[in-house]
Amino acid sequence: MRIGLFFGSDTGRTTAAAEQIKETLSNKLTIDMFDVVDFDKNELEKYDHLIIGLSTWFDGELQSDWDTNFNEFCEVDFTNKVVALYGLGDQIVYCDYFIDGVGILAEQILKKGGTLIGKWPTEGYLHTDSKAELEDGVFCGLALDEDTQEEMTAERIVSWCEQIYNEFIALEINLHGAYSQ
Ligand SMILES: Cc1cc2nc3c(=O)[nH]c(=O)nc-3n(C[C@H](O)[C@H](O)[C@H](O)COP(=O)(O)O)c2cc1C
């Protein structure tokens, strides 16, 4: 299975997470990485299986490259696409906007017919509000916090990668009746 991993990062943390995700999954899946500083929706549309990563800035706004390219992103039809989202944020200083960007992209993906996988429990986080919490108690993607819970990032990534791998495969089997690497 080939996955397109599209990420945007202002200070490099979401990029580092993308590299860790790729490394964790690379023995099972082929991961093609794209920095959305050069976003091209035609490139994204080639993939039925996607991982999308971003940080949140300035009280709940999309990371700058996602922000610049958001209108083009909104043109993508996500029908038959399966997407796992992850986000970087700061749950203490920006507790009312924690990883809001994940929620903003999630809403757009769902609106355009996409399927989200990789939901993640909010237990263990200290935020007060988040647009990524589409359902109570669950983020609609992986939440990473390099500002206040840096020591948990590696473990969270490994566990989430295992989860999304299983979810990608289960959906593939559902759709096509079988999966071969
Ligand atoms: C000025 C500023 C505004 C921020 N705003 C938010 C925010 O609204 N929500 C959030 O969860 N994190 C916020 N953050 C935290 C960043 O998202 C976090 O540091 C992240 O790891 C940066 O990732 P990047 O280097 O990939 O861009 C903010 C950080 C700064 C410095």
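For the structure itself, consult the block above.
Below is a short write-up of the structure. Quantities reported herein were computed from a predicted structural model and do not represent experimental measurements. (Residues numbered from 1 in each chain as written. Predicted model: local features only at pLDDT ≥ 70, side-chain atom pairs only at ≥ 80, totals over all residues. Heavy atoms only, no water.)

Examining the pairing of strand β1 (residues 2-8)
- Counting buried positions over the 7 residues of β1 gives 6, a clear majority of the element.
- In terms of strand pairing, β1 meets strand β2 (residues 30-35) through 6 bridges, oriented parallel. Of the residues in β2, the one forming a bridge with I3 is I31.
- As for the winding sense of the linkage, the β-α-β connection from β1 through helix α1 (residues 13-25) to β2 is right-handed.
- Bridge count between β1 and strand β3 (residues 49-57): 5 bridges; the pairing is parallel. Within the sheet, the bridge partner assigned to F6 lies in β3 and is I52. (Buried < 20%, exposed > 50% of the residue type's maximum accessible area, 1.4 Å probe, protein only. Helix = DSSP H or I, 4+ residues; strand = E, 2+ residues; numbered from the N terminus. Pairing = 2+ DSSP bridges. Right-handed = clockwise from strand over helix to strand, strands pointing away.)

Remarks on a negative patch on the surface
- Judged by side-chain charge, D59, E61, D67, D96 and D129 come together as a negatively charged surface patch.
- Its location among the elements puts D129 in the loop between β7 (120-121) and β8 (138-139). (Patch = residues over 30% accessible without salt bridge, like charges linked within 9 Å, V, L, I, M, F, W, Y side chains within 5 Å. Areas by Shrake-Rupley, 256 points an atom, 1.4 Å probe, with all protein chains shown as cover. Salt bridge = Lys/Arg side-chain N within 4 Å of Asp/Glu carboxyl O. Lys, Arg positive; Asp, Glu negative; His and termini not counted. Charge placed at Lys NZ, Arg CZ, Asp CG, Glu CD.)

Some points on the nonpolar core
- Counting residues in hydrophobic clusters, the biggest one holds 53 residues, and the most contacted among them are I51, I52, W66 and Y86.
- For this core, the secondary structure elements donating two or more residues are β1, α1, β3, β5 (82-88), α5 (100-111), β6 (115-117), β9 (142-144) and α6 (153-176). (Core = buried A, V, L, I, M, F, W, Y, C linked by side-chain atoms within 4.5 Å.)

A word on the packing of aromatic side chains
- Applying the stated criterion across every chain yields a total of 13 aromatic pairs.
- On the basis of an interplanar angle of 50 degrees and a centroid distance of 6.0 Å, the ring pair of F39 and W66 is categorised as tilted. Here F39 is found in the loop between β2 and α2 (41-45), whereas its partner W66 is found in helix α3 (residues 64-68), with 27 residues between them in sequence. Each member of the pair F39 and W66 is classed as buried.
- Their ring planes at 55 degrees and their centres at 5.5 Å tell us that F73 and F78 sit as a pair that is tilted. As far as burial versus exposure is concerned, F73 and F78 are alike and both buried.
- Through successive ring pairs, a cluster of aromatic residues spans F39, W66, F70, F73 and F78. (Phe/Tyr/Trp six-rings, centres within 6.5 Å; stacked < 30°, edge-to-face > 60°.)

Regarding α6
- For α6, which comprises 24 residues, the first-to-last C-alpha distance of 34 Å matches the rise-based estimate of 34 Å (1.5 Å per residue) to within 8%.
- Inspection of α6 places T153, R156, I157, W160, C161, I164, Y165, F168, I169 and E172 among the buried residues, and these make up the whole buried set.
- With its phi angle positive at about 80 degrees, G177 sits one or two positions after the end of α6. (Expected span 1.5 Å × (residues − 1).)

Digging into the site of the ligand
- Taken together, 20 residues sit near the ligand, with S9, T11, T14, S55 and T56 positioned nearest.
- I99 places a main-chain nitrogen or oxygen 3.0 Å from an oxygen atom of the ligand.
- Relative to its unbound accessible surface of 640 Å², the ligand loses 88% to contact with the protein.
- Secondary structure elements with two or more residues in the shell around the ligand: α1 and β3.
- With 3 residues, β3 is the single largest residue contributor to the shell around the ligand. (Near = heavy atom within 4 Å. Polar contact = N/O pair within 3.5 Å; in protein donor to acceptor, adjacent residues only side chain to side chain.)

Digging into the packing of α1 against α6
- One way to put it is that α1 packs onto α6 with a least axis distance of 10 Å and a crossing angle of 50 degrees. Of the possible angle classes, the one that applies to α1 and α6 is oblique. Considering the relative orientation of α1 and α6, their crossing is right-handed. Across from A17, Q20, I21, T24 and L25 in α1, the residues of α6 making contact are T153, A154, I157, V158, W160, C161, I164 and Y165. (Axes fitted to C-alpha atoms, helices over the stretch in contact; angles between N-to-C directions. Parallel < 35°, antiparallel > 145°, perpendicular 65-115°, else oblique. Left-handed = near helix turned anticlockwise from the far one by under 90°. Contact = heavy atoms within 4.5 Å.)

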